[in-house]
Amino acid sequence: MIKLLKMVPFLLLTGCAAVGPDWEAPTTPLPVTFTDGSSTGIDDVAYQAWWRDFNDPLLTKLVERGFEQNLDILQAKERINEANAKLRAKGINSALSGSASFERLRSGTEGQGTSISSESSLSAGFVIDLFGGIRREREAAVANLAAIQSNVGTERLAWLAELVADYSNARYYQQALELTRNTISTRKETLEITKKELAAGSSTQYELAEAEAALQAAQAELPSYQAQFKATVFAIATLMDEPAGPLMMEMQQTSPSLSIPTSIISTGFPADLLRNRPDIRYYEAVLHQQVATVGVDESSLYPSISLNGTVSNTDSVNGWSFGPSISLGIFNRGALHAQHDAQVSVAKQAEIDWRSSVRGAVEDVQVAQSNFALYQEQTELLNKAAASYGRALALGRNNYRNGAMTLLNLLDTVRSEASAQISAASAHNSAVKEWASLQIAIGAGAGFSDKKDEEKGGATPNTLEVKQ
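This is a predicted model, so every value here is computed, not measured. The numbering scheme is per chain: residues are counted from 1 as the chain's sequence reads. In keeping with the predicted nature of the model, local features appear solely for residues at pLDDT of at least 70, side-chain atom pairs appear and are counted solely at 80 or more, and the whole-chain, interface and lining totals rest on all residues. Computation of side-chain values covers all heavy atoms of the structure but excludes hydrogens and water.

So, on to the overall build of the protein chain. Secondary structure elements follow DSSP: runs of H or I no shorter than four residues count as helices, runs of E no shorter than two count as strands, and numbering proceeds from the N terminus. Helix and strand counts for the protein chain stand at 12 helices and 4 strands. Burial here depends on accessible area, computed with a 1.4 Å probe over protein chains only, as a share of the maximum for the residue type. Under 20% is buried, over 50% is exposed, and the range in between is partly exposed. Buried residues in the protein chain amount to 41% of all 468 residues. A separation of at least 24 residues holds for 82% of the contacts in the protein chain among residues at least 6 apart in sequence. Just so you have it, the protein chain exposes about 24,700 Å², and 54% of that area is on carbon and sulfur atoms. Between two residues, a contact is recorded if the distance between any of their heavy atoms is within 4.5 Å. We get accessible surface area from the Shrake-Rupley algorithm with a probe of 1.4 Å; when it comes to residues, only the shown protein chains can shield them.

Printed below as a string of structure tokens:
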């Protein structure tokens, strides 16, 4: 009892502040608004199911099914369980140690009887967190869990961006195949007209060869588009962790290109990204973890005090021991200081990583916003050009039949009309992908499957209970 009373002053000291820097959320200068951005802020966009605005049932089904089965997302979720388990090992669990043992031996010699002996012992120890090293360890573990949770949202957005881009590309290749087949049909008609005129003596073998070559060139474009379509479907199947066969059949049943949603995207202010972008939250949590680890390393420079006790029992002796112990690094202090200084540098690097992620996020929004507007403008102009070439082609056919236009000029018009159609479809595909990229850039949809888990009554990565 007297020894315990003597330890009271040490135990009271465990309530003092932990060594090392205290955590403060980082800040960095940001522009007030995005270039050509909105003048109002936005709330949490993590649950926005913006892909539904495409009004494509198959895409919606793929996205919302894929959230639950993509391997990268599942792996990111499983890392939460690992981080939670590591967190439970910190705090009071890392301060306590102990073991129990029991041994029973049977021995004897020739000519004498046997004897049985037993021995048992119980030992325990408690580290007094005098300078807060254990508290800083737990703080670092909590920050690590927050980083892992945020990384799930980052994985979702990366997967979502890739899936929507591949799906849009697949629909574009289907559209390109259809446009190429239309071109082939047109060139077949031109070839038939040329054959008839050759028979009538109003055309030449050279013009016939030109018409045949134009047809064959158009036919040669089909395998390329087919290969690219199949490759994107295979990529989607990999993202979905599903066999490609059923998906290929489902994609081939329909071939509508994605329409650009008419809904206006509110980008909010650059400061909104600090809350809505999971990658920024990830780097902030990593910074928090590294700052807390500075305190862990600093605590190793100070004395470590622990209480240790042992109870033993043998056939002949029963005993116990209890008392404090203190340890302090002396000959390795140079190494401990070096470790601490290195960790300070690691924390500074983590802050730079966070600032870089913020700058990159702002750039992502502004690039996607600019690209979307410009590709929309390009699409409109190319659609007008394709329509004009279509009218020119209709007039050219009549002129060719009437002898007012040469075959070479007609073939040039056919090529220009086909090229304009493909270019317009490509620009539209780019605009669709940039619209999706803008949603990704502001962090929209990062927590959608978390909301579904909440509706089912389950825990989500951002609401998992931290077990002590």
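After presenting the structure, the write-up continues.
Side-chain pairs of opposite charge can arise where the charged atoms are in close proximity. Each reported salt bridge corresponds to a side-chain nitrogen of Lys or Arg within 4 Å of a carboxyl oxygen of Asp or Glu. Summed over the entire model, instances satisfying the criterion amount to 9 salt bridges. Glu242 is paired through a salt bridge with Arg65; the nearest N and O atoms lie 2.7 Å apart. Taken together, the positions of Glu242 in the loop between helix 6 (205-240) and helix 7 (244-253) and Arg65 in helix 2 (residues 57-69) put the pair 177 residues apart, joining distant regions of the chain. Residue classification places Glu242 among the partly exposed residues on the basis of a relative accessible area of 22%. Residue Arg65 is classed as partly exposed on the basis of its relative accessible area, which comes to 27%. In this structure, the salt-bridge partner of Arg277 is Asp279, at a minimum N-O distance of 2.9 Å. For Arg277, a relative accessible area of 7% gives the class buried. Residue classification places Asp279 among the buried positions, given a relative accessible area of 17%. Counted as one network, the salt bridges with shared partners bring together Asp22, Arg136 and Glu139.

Turning our eyes to something else, we now look at a nonpolar patch on the surface. On the surface, Leu122, Val311, Trp320 and Phe322 cluster together into a nonpolar patch covering about 450 Å² of accessible area. With respect to the element layout, Trp320 can be found in strand 4 (residues 318-327). The exposure class of Trp320 is exposed, given its relative accessible area of 66%. Patches in this entry comprise residues that are over 30% relatively accessible and not in a salt bridge; like charges within 9 Å are linked, as are nonpolar side chains (Val, Leu, Ile, Met, Phe, Trp, Tyr) within 5 Å.

With that settled, consider the packing of helix 3 (residues 71-88) against helix 5 (residues 133-200). Note on definitions: angles span 0 to 180 degrees between N-to-C directions of axes, and those axes are lines fitted to C-alpha atoms, for helices only across the stretch in contact. Axis separation between helix 3 and helix 5 bottoms out at 9 Å; the angle between their running directions is 175 degrees. Between helix 3 and helix 5, the crossing angle belongs to the class labelled roughly antiparallel. Judged by residue contacts, Asp72, Ile73, Ala76, Lys77, Arg79, Ile80, Ala83, Asn84 and Leu87 of helix 3 engage Arg138, Ala141, Val142, Asn144, Leu145, Ile148, Gln149, Asn151, Val152, Glu155, Arg156 and Trp159 from helix 5. For the contact of helix 3 with helix 5, the residue count by class is 11 nonpolar, 4 polar and 6 charged. Note on terminology: angles under 35 degrees are roughly parallel, angles over 145 are roughly antiparallel, angles of 65 to 115 are roughly perpendicular, and the others are oblique. Put simply, Ala, Val, Leu, Ile, Met, Phe, Trp, Tyr, Cys and Pro go in the nonpolar bin, Asp, Glu, Lys and Arg in the charged bin, and everything else, Gly too, in the polar bin.

Next up on the list: the side chain of Asp56. Examined against the element boundaries, Asp56 turns out to sit in the loop between helix 1 (2-13) and helix 2. Notably, Asp56 is buried but unbridged: the nearest opposite-charge side chain belongs to Arg171, and the N-O separation is 4.5 Å. The term polar contact refers here to a pair of N or O atoms within 3.5 Å; inside protein, the definition further demands a hydrogen-donor-capable atom paired with an acceptor-capable atom, and it admits residues adjacent in sequence only when both atoms are side-chain atoms. Of the polar contacts made by the side chain of Asp56, one reaches the backbone nitrogen of Leu58; its length is 3.1 Å. Among residues more than four places away in sequence, those in contact with Asp56 are Tyr167, Arg171 and Leu258. Neither His nor the chain ends is counted toward charge; the positive residues are Lys and Arg and the negative residues Asp and Glu.

Distances and angles like these do not, on their own, reveal function.
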